[in-house]
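# Descriptive structure summary
Listed below are the residues making up each chain.
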Amino acid sequence: MKKNILNLLGLVLLMAGVSCKKTFLDERSESRLAPVNAFTTSRDFTASINNLYRLVRNELYTINDFQPWDYAYRTDIGFPITAIAPNLTAEYNAVNGFSNGHWSTYFKIIAESNTIIARVGSSSMSETEKRLVEAEARFFRGFAYRCLGYLFGGVPLITTEISTPKVDFVRATRKEVYAQVIEDFSFAAANLRSITAIPPTQDGRVSNLVAQHYLSEIYIADGQFQKAVDAATVVISNPNVGLMTSRFGSRRTVVPGDVYWDLFRMNNQNRAGGVNREALWVIQLEPDVPGGLSPTTVNFLNTNAFLFERVHSPLVRDLRINGAPPFEWPMSDYSGGRGVGFIAPSRYFIDSVYSADPANDIRNANHNFVRRFRANRIASPLFGQEIDFHNLPANTRGVNGAVVVSGVPDRALYPYQTKCTEPFNHPANLYAGNVPSYPLLLKSGAGATYQDQYLARLAETYLLRAEAYLGLSNTTLAANDINVVRARANAAPVAPANVNIDYILDERIREFGFEEKRMLTLMRMGKWYDRVRKCNPFYAAQAELKHNLWPIPQNEIDRNRGAVLTQNPGY
């Protein structure tokens, strides 16, 4: 027994001796990713940059079918048609309101951008590659702080990588946040690839002109109007961009149609091939392409697709006229695909904003903004006839049998923008194919939108420069820029005397509608309260001035134990 004990003691001492050697304890990450080896090559940084694109796409388009629409709900352009009444008190809530998820995503973008910026100097890349990577990372940091500054005002300003716990953040001023955004966008504008560089900028990738576009916008927000004009002019005067003014692309011969309609048809958004010269930044959502997030072989609920069609098109399935349904659903026609009717346009958007020139503006044409629906159910007495939202037949009923009043949105029937869908041209996998009477019948798994999406295009740059000219009190030049956009739409020109900030906001509705992240525009201008009170009676009675800023999430305030993270006024 004694011998066994001695042998065991010797083994323990031997093991202790080995374990005390420093080289034995050292961790080596030679065959797996770790902080010490994850940011070395160009490929490493490309993967991290691609994740920034993914985060932006998720936040603004694809995370689910409600969070991206926080940029349209509670604004002057749209409201939840399924809701009986608004509840802004609950929604603008620091504890469990809608603002929490947006805050987290933008600070995630900032954190990842800071890591890339911190690691780029010690990488094995060439100096040219390093500068391009830093420029792209700084663009995304600027983009995230742009959104945070518009939505929340002053927020914590973090410009270095944080690798240890930190609980003492304080809010910078909104002006300080804007100064950082200007610095980041300026660096990006000077160092990103040109939109025509060789090799060419990839579809979906930001370029120097995208940075200049957003630099113009942030200069406006900061009150630096001449610099905003100068930045926008860099974009507008570039010979490689221009508004599309004649029909183009994959469906240019379809009638009815026009150049505005063509902008939103499948495969028409990107600059590849030199056709679409208006696109600046296009979010990539290709169907059935790995990473494209728009698969057509599975139900949309099992994807992270952009559910614009589902959310915006009305649920015509539930319409009844004299007790009979006039629509077969879902159909790949102007009835709206597989829409379920969640977000309807405000009546201001439907009617008032076009009242000065309703007939000529192509953006108001029925194939772009559907108000007259053609009955497509063969058994309906109305088959082939138009059902006019503004002049409905007697005994028209909608969801749950409610009477539908002409000109008043109901979930089962309201005007919608066809940029949310692909009439007569859904991807082939989505057609049911087994109902000869209805060759356009879609499968139940439809509901996503299968076009790439413009996050920035040249029409907006013109309207930004007009806004900057207005800031300089030059309504003549502001009107000139607005009229470039209106001329493309065949709309009557605006006189300089009629140009003010509300007119520009109206023109943005006409040109973009639900394409625009409207909440960002209104919050940037400090116009949320004014416009909601004026244009959206669904929310008007509950709107308060404090809603010109979103509440800081309370959990961020609570976990910040080392300093006071102040809440926005009124929350």
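Preceding block: the structure.
Criteria and thresholds
- Residues numbered from 1 in each chain as written.
- Predicted model: local features only at pLDDT ≥ 70, side-chain atom pairs only at ≥ 80, totals over all residues.
- Heavy atoms only, no water.
- Helix = DSSP H or I, 4+ residues; strand = E, 2+ residues; numbered from the N terminus.
- Buried < 20%, exposed > 50% of the residue type's maximum accessible area, 1.4 Å probe, protein only.
- Contact = heavy atoms within 4.5 Å.
- Areas by Shrake-Rupley, 256 points an atom, 1.4 Å probe, with all protein chains shown as cover.
- Lys, Arg positive; Asp, Glu negative; His and termini not counted.
- Charge placed at Lys NZ, Arg CZ, Asp CG, Glu CD.
- Pairing = 2+ DSSP bridges.
- 1 Å grid on protein atoms, 1.4 Å probe; cavity = no way out; pocket = protein on both sides within 12 Å on 5 of 7 lines; lining within 4 Å.
- Points joined across faces, edges and corners; volume = space filled by probe spheres on them.
- Nonpolar A, V, L, I, M, F, W, Y, C, P; charged D, E, K, R; others polar.
- Salt bridge = Lys/Arg side-chain N within 4 Å of Asp/Glu carboxyl O.
- Axes fitted to C-alpha atoms, helices over the stretch in contact; angles between N-to-C directions.
- Parallel < 35°, antiparallel > 145°, perpendicular 65-115°, else oblique.
- Left-handed = near helix turned anticlockwise from the far one by under 90°.
- Core = buried A, V, L, I, M, F, W, Y, C linked by side-chain atoms within 4.5 Å.

## Structural notes on the overall build of the protein
On a plain count of helices and strands, the protein comes out with 19 helices and 10 strands. When the backbone C-alpha atoms are referred to their principal axes, the protein occupies close to 105 × 65 × 50 Å. When the 571 residues of the protein are sorted by exposure, 58% land in the buried category. Considering only intrachain contacts with a sequence separation of at least 6, the fraction spanning at least 24 residues in the protein is 70%. By element, 54% of the accessible surface of the protein is carried by carbon and sulfur atoms, the whole surface being about 23800 Å². Side chains of the protein carry 60 positive and 53 negative charges; the gap between the two charge centres is 4 Å.

## A short note on helix α17 (residues 528-535)
Among all positions in α17, only Trp-528, Tyr-529, Arg-531, Val-532 and Cys-535 are buried. Elements that come into contact with the buried residues of α17 comprise α4 (88-91), α12 (347-350), α15 (501-512), α16 (518-525) and α18 (537-540).

## Some details on the pairing of strand β10 (residues 453-457)
When you tally the buried positions in β10, you get five out of five residues, the bulk of the element. Where strand β2 (residues 279-283) lies against β10, four bridges are found, and the strand directions are antiparallel. Paired with Trp-281 across the two strands is Ala-456, which belongs to β10.

## Observations regarding empty space enclosed by the protein
Under the definition given, this model contains three cavities of 30 Å³ or more. Empty space within the largest cavity amounts to approximately 200 Å³. Lining the largest cavity are 18 residues, and of these Leu-455, Glu-460, Arg-508, Glu-516 and Lys-517 sit closest to its centre. Looking at the lining of the largest cavity, the elements with two or more residues in it are α6 (127-152), α8 (208-221), β10, α15 and α16. Among the elements that line the lining of the largest cavity, the one with the most residues is β10, at four residues. Of the residues in the lining of the largest cavity, the class split is eight nonpolar, one polar and nine charged.

## Structural notes on the pattern of salt bridges
Enumeration according to the criterion identifies 44 salt bridges in this entry. Arg-377 is paired through a salt bridge with Glu-328; the nearest N and O atoms lie 2.7 Å apart. Of this pair, Arg-377 sits in the loop between β6 (372-374) and β7 (386-388) while Glu-328 sits in the loop between β3 (320-321) and β4 (343-345), and the two are 49 residues apart along the sequence. Given a relative accessible area of 26%, Arg-377 falls into the partly exposed group. Here Glu-507 and Arg-486 are joined by a salt bridge, their closest N and O atoms 2.8 Å apart. Taken together, the residues Glu-507 in helix α15 and Arg-486 in helix α14 (residues 475-488) connect sequence positions 21 residues apart. Each member of the pair, Glu-507 together with Arg-486, is buried.

## Focus: unusual backbone geometry
Across the junction of Val-255 and Pro-256, the peptide omega takes the value 0 degrees, indicating a cis bond. Mapped onto the fold, Pro-256 is located in the loop between α9 (225-236) and α10 (259-263). With an omega of 0 degrees, the peptide bond running from Trp-329 to Pro-330 counts as cis. Within the element layout of this structure, Pro-330 appears in the loop between β3 and β4. A positive phi angle, near 75 degrees, is found at Asn-267, a position not held by glycine. Inspection of the secondary structure puts Asn-267 in the loop between α10 and β2.

## Digging into the layout of surface pockets
Taken as a whole, the largest pocket spans an internal volume of roughly 440 Å³. Considering the residues around the largest pocket, the lining is formed by 19 residues, among which Phe-107, Ile-158, Ile-162, Phe-169 and Glu-556 are closest to the centre. Going through the elements one at a time, α5 (99-119) and α19 (554-559) are the ones with two or more residues in the lining of the largest pocket. The dominant element in the lining of the largest pocket, judged by the number of residues it contributes, is α5, at seven residues. Grouping the amino acids of the lining of the largest pocket by side-chain chemistry returns 10 nonpolar, five polar and four charged.

## So, the packing of helix α13 (residues 458-471) against α14
How two helices sit against one another is set out by the angle between their axes and by the gap between those axes. Where α13 meets α14, the closest approach of the two axes is 7 Å, and the angle between their N-to-C directions is 160 degrees. When the axes of α13 and α14 are compared, the pair comes out roughly antiparallel. Here α13 and α14 pass one another in a crossing that is left-handed. Contacts between α13 and α14 involve Ala-459, Tyr-462, Leu-463, Arg-465, Ala-466, Tyr-469 and Leu-470 from the first element and Thr-475, Leu-477, Ala-478, Asp-481, Ile-482, Val-484, Val-485 and Arg-488 from the second. Split into classes, the residues belonging to the contact of α13 with α14 amount to 11 nonpolar, one polar and three charged.

## Some thoughts on the nonpolar core
Across soluble globular proteins, nonpolar side chains have a tendency to be buried as a group. Counting residues in hydrophobic clusters, the biggest one holds 157 residues, and the most contacted among them are Phe-139, Phe-143, Trp-281 and Trp-528. The dominant element in this core, judged by the number of residues it contributes, is α6, at 13 residues. Not counting residues within four places of it along the chain, the set of residues in contact with Trp-528 comprises Arg-74, Thr-75, Leu-88, Tyr-92, Met-519, Leu-522, Met-523, Ala-543, Glu-544, His-547 and Asn-548. Counting 12 residues, the second largest nonpolar core, distinct from the first, contains Phe-248, Phe-264, Ile-362 and Ala-489.

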